[in-house]
Amino acid sequence: LAAAAVAAPTGREAQVILREVHHGGMALVAAWPGTLERVEAVLADYDCVMALAPGRFMVVGWQVDPVPALAAALDIDTGTVTDIGHARAAIRVSGPRAADVLQKGLAIDLDPAAFPPGASAQSAIHHGGVVVRRGGEDAFELYCFRGLAL
């Protein structure tokens, strides 16, 4: 999936653009009970951290794989780091109608007041699990299992 745009009438700009997002790597980080503050302190150094559940986070490294540094910073008594970079695909949905298109399949309120840039949530699209992150006013990233991205 290099890029695809929803067809627009002649002479008009595309309203929705789909693009595969290439990243340096992804990690799933889980804190053990009583270690959440330590884990959150380590994660503060990363730009793209999405809370999936209490004490559980997905970290995306846009340029560099975060797994080696996270594994070095979090010892076995603090939490776990799992490399999920090859298991997940990242797809960016952008454009002035991106939220409208996504709203058709997501059970999330995508209004900017409820889901501002930087917000993330787990949901499903047609029974396929997805993590959604708002990357900008009219841009969203979808993280799903690679088999569902086809």
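Parameters and conventions
- The residue count restarts for each chain, going from 1 along the sequence in the order it is written.
- Under the rules for a predicted model, residues below a pLDDT of 70 receive no local features and side-chain atom pairs below 80 are neither given nor counted, while totals for whole chains, interfaces and linings still include all residues.
- Where side-chain values are given, they derive from all heavy atoms of the structure, hydrogens and water being excluded.
- Helix and strand labels come from DSSP, where a helix needs a run of H or I of at least four residues and a strand needs a run of E of at least two; each type is numbered from the N terminus.
- Whether a residue is buried, partly exposed or exposed follows from its accessible area with a 1.4 Å probe, protein chains only, as a fraction of its type maximum: under 20%, in between, or over 50%, in that order.
- The contact definition used throughout considers only heavy atoms, calling two residues in contact when any of these lie within 4.5 Å.
- Note on areas: these come from Shrake-Rupley sampling with a 1.4 Å probe, and a residue is covered only by the protein chains present in the view.
- For the purpose of charge, His is not counted, nor are the chain termini; Lys and Arg are scored as positive and Asp and Glu as negative.
- Taken as the charge location is NZ of Lys, CZ of Arg, CG of Asp or CD of Glu.
- Arc definition: directions from the helix axis to the C-beta atoms.
- In this analysis, strands are considered paired if DSSP registers two or more bridges between them.
- Between the N-to-C directions of two axes lies an angle of 0 to 180 degrees, each axis being a line fitted to C-alpha atoms and, for a helix, fitted only over the stretch in contact.

Within the protein, the regular secondary structure consists of 3 helices and 10 strands. Mapped in sequence order, the helices and strands of the protein form the string β-β-β-α-β-β-α-β-β-α-β-β-β. Structurally, the protein occupies a C-alpha span of about 60 × 30 × 30 Å along its principal axes. Within the protein, the fraction of its 150 residues that count as buried is 39%. Long-range pairs, those at least 24 residues apart, make up 60% of the contacts in the protein between residues at least 6 apart in sequence. A total accessible area of about 8400 Å² is found for the protein, and carbon and sulfur atoms account for 56% of it. One finds the centroid of the 11 positive side-chain charges in the protein at a distance of 9 Å from the centroid of its 16 negative side-chain charges.

This part covers helix α1 (residues 36–43). If you check which residues of α1 are buried, you get Val39, Val42 and Leu43. In an axial view of α1, the angular spread of the buried residues amounts to 100°, which keeps them on one side of the axis. Looking at the buried positions of α1, the neighbouring elements they touch are β3 (25–31), β4 (48–53), β5 (56–61) and α2 (67–73).

With that settled, the discussion passes to the pairing of β3. In terms of burial, β3 is largely enclosed, as 6 of its 7 residues are buried. Across 6 bridges, β3 lies against β5 in antiparallel orientation. Its bridge partner lying in β5, alanine 30 is registered against arginine 56. Where β3 lies against strand β6 (residues 79–83), 5 bridges are found, and the strand directions are antiparallel. Following the sheet pairing, leucine 28 is matched in β6 by threonine 82.

Our focus in this paragraph is the sheet that holds β5. One open sheet holds the 4 strands; their spatial order is β4-β5-β3-β6, and the pairing between them is antiparallel. Across the chains shown, the open sheet's two edge strands, defined by having one partner strand only, are β4 and β6. Adjacent strand axes in the sheet meet at a mean angle of 25°, parallel and antiparallel pairs treated alike. Docked against the sheet, α1 engages β3, β4 and β5, running at close to 15° with respect to β5.

Before going further, it helps to spend a moment on the environment of proline 112. You can see proline 112 is positioned in the loop between α3 (98–103) and β8 (120–125). Expressed as a C-alpha distance, the spacing of proline 112 and arginine 88, which sit 24 residues apart in the sequence, is 26 Å. Those residues in contact with proline 112 that sit more than four places away from it in its chain are Arg134 and Glu137.

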